[in-house]
Amino acid sequence: MATTRIGTQINAPRSAVYQLLVDGDAVAAWMMPDGIAVEVHRFEPVEGGSFSITLTYDDPTDTGQHDAGTVRQQHDAYFGTFRSLIADEQVVEVLEFVTEKPDMTGAQTVTFTLTDADGGTHLEVLHEGVPAGLGPVENEIGWQLALTKLVALAERGTIG
């Protein structure tokens, strides 16, 4: 299990950024890179509250049944709980992928920490327990893409 840490500067108040971390619709808009649809099934942003999210990739995958020529949409899912919520300061989530792949199993902790910086907000994301099947470089790239969308949403109210 690996750890990644990434930060970004957002020209918006901490309260606005915090709201984007604890609103299920907002998370669906910014959390995943383009090409992945996000469906939030449950999102209870209170300490001990749970969440459940399904990801659907735009590019279908071959099921390996070449003789049948079967192709299907690729889905992933994860679920978890909110371990800690400190308004306008920090969100701590513990999550796990729903998977049969041994290299993608296990609990992961994602800590979002917000601090004042240069008239806006510095957001740091610490992702602990990154599964071996994801890898820290791939994980960091994914977080960079997601945070780019979060910055756009916080600063302009739109992703694009």
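Scroll up for the structure.
Residues numbered from 1 in each chain as written. Predicted model: local features only at pLDDT ≥ 70, side-chain atom pairs only at ≥ 80, totals over all residues. Heavy atoms only, no water.

### Focus on the sheet that holds strand 7 (residues 90-98)
Line of reasoning, step 1. Across the sheet, which stays open at both edges, the seven strands sit in the order 1-9-8-7-6-3-2 with antiparallel pairing between neighbours. Lying at the two open borders of the sheet, with one neighbouring strand each, are strand 1 (2-10) and strand 2 (36-43). Averaged over all pairs of adjacent strands, the angle between strand axes in this sheet comes to 20°, irrespective of strand direction.
Line of reasoning, step 2. Two elements, strand 3 (residues 50-57) and strand 6 (residues 75-86), share seven bridges in a ladder whose sense is antiparallel. (Pairing = 2+ DSSP bridges. Helix = DSSP H or I, 4+ residues; strand = E, 2+ residues; numbered from the N terminus. Axes fitted to C-alpha atoms, helices over the stretch in contact; angles between N-to-C directions.)

### So, the layout of surface pockets
Line of reasoning, step 1. The computed volume of the largest pocket comes to approximately 740 Å³.
Line of reasoning, step 2. Every residue lining the largest pocket is counted, 32 residues in all, and those nearest its centre are Met 32, Leu 55, Tyr 57, Phe 97 and Leu 134.
Line of reasoning, step 3. For the lining of the largest pocket, the secondary structure elements donating two or more residues are strand 3, strand 6, strand 7, strand 8 (108-117) and helix 3 (136-156).
Line of reasoning, step 4. The leading source of residues in the lining of the largest pocket is helix 3, at seven residues.
Line of reasoning, step 5. Among the residues making up the lining of the largest pocket, the classes are represented as 19 nonpolar, eight polar and five charged. (1 Å grid on protein atoms, 1.4 Å probe; cavity = no way out; pocket = protein on both sides within 12 Å on 5 of 7 lines; lining within 4 Å. Points joined across faces, edges and corners; volume = space filled by probe spheres on them. Nonpolar A, V, L, I, M, F, W, Y, C, P; charged D, E, K, R; others polar.)

### Section: the environment of Thr 4
Line of reasoning, step 1. Inspection of the secondary structure assignment puts Thr 4 in strand 1.
Line of reasoning, step 2. Expressed as a C-alpha distance, the spacing of Thr 4 and Glu 100, which sit 96 residues apart in the sequence, is 24 Å.
Line of reasoning, step 3. Each residue touching Thr 4, except ones within four places of it in the same chain, is listed here: Val 125, Leu 126, His 127, Val 130, Pro 136, Asn 139, Glu 140 and Trp 143.
Line of reasoning, step 4. Side-chain polar atoms of Thr 4 contact the side chain of Asn 139, separated by 2.7 Å. (Contact = heavy atoms within 4.5 Å. Polar contact = N/O pair within 3.5 Å; in protein donor to acceptor, adjacent residues only side chain to side chain.)

### Digging into the environment of Phe 79
Line of reasoning, step 1. Tracing the backbone through its elements, the reader meets Phe 79 in strand 6.
Line of reasoning, step 2. For the pair Phe 79 and Phe 43, spaced 36 residues apart in the sequence, the C-alpha separation amounts to 9.6 Å.
Line of reasoning, step 3. Residue contacts for Phe 79: discarding those within four places in its chain leaves Phe 51, Ser 52, Val 94, Leu 95, Glu 96, Phe 97 and Val 98.

### A look at helix 1 (residues 14-21)
Line of reasoning, step 1. Buried residues of helix 1: Val 17, Tyr 18, Leu 20 and Leu 21, and no others. The arc that holds the buried residues of helix 1, viewed along the axis, is 160°, so those residues lie on one side. (Buried < 20%, exposed > 50% of the residue type's maximum accessible area, 1.4 Å probe, protein only. Arc of directions from axis to C-beta.)

### So, empty space enclosed by the protein
Line of reasoning, step 1. Following the criterion strictly, the structure yields one cavity of 30 Å³ or more and no others.
Line of reasoning, step 2. Computed from the structure, the largest cavity encloses a volume of approximately 40 Å³.
Line of reasoning, step 3. Contributing to the lining of the largest cavity are Leu 21, Val 27, Met 31, Phe 43, Phe 51, Ile 53, Tyr 78 and Glu 93.
Line of reasoning, step 4. Along the lines of polarity and charge, the residues of the lining of the largest cavity split into seven nonpolar, no polar and one charged.

### Here we look at unusual backbone geometry
Line of reasoning, step 1. The backbone phi angle of Asp 88 is positive, close to 65°, even though this residue is not glycine.
Line of reasoning, step 2. A positive phi angle, near 50°, is found at Asp 118, a position not held by glycine.
Line of reasoning, step 3. When you line up the elements, Asp 118 lands in the loop between strand 8 and strand 9 (120-130).
Line of reasoning, step 4. Overall, Asp 118 belongs to the exposed group, its relative accessible area being 75%.

### Regarding helix 3
Because each turn of an α-helix spans 3.6 residues, side chains separated by three or four positions in sequence point in the same direction.
Line of reasoning, step 1. Between the first and last C-alpha of helix 3 there are 30 Å, a value that for 21 residues agrees with the 30 Å anticipated at 1.5 Å per step.
Line of reasoning, step 2. Buried within helix 3 we find Asn 139, Trp 143, Ala 146, Leu 147, Lys 149, Leu 150, Val 151, Ala 152, Leu 153 and Ala 154.
Line of reasoning, step 3. Residues of helix 3 that are buried sit in contact with strand 1, helix 1, helix 2 (24-30), strand 8 and strand 9.
Line of reasoning, step 4. Just past helix 3, the residue Gly 157 takes up positive phi, approximately 80°. (Expected span 1.5 Å × (residues − 1).)

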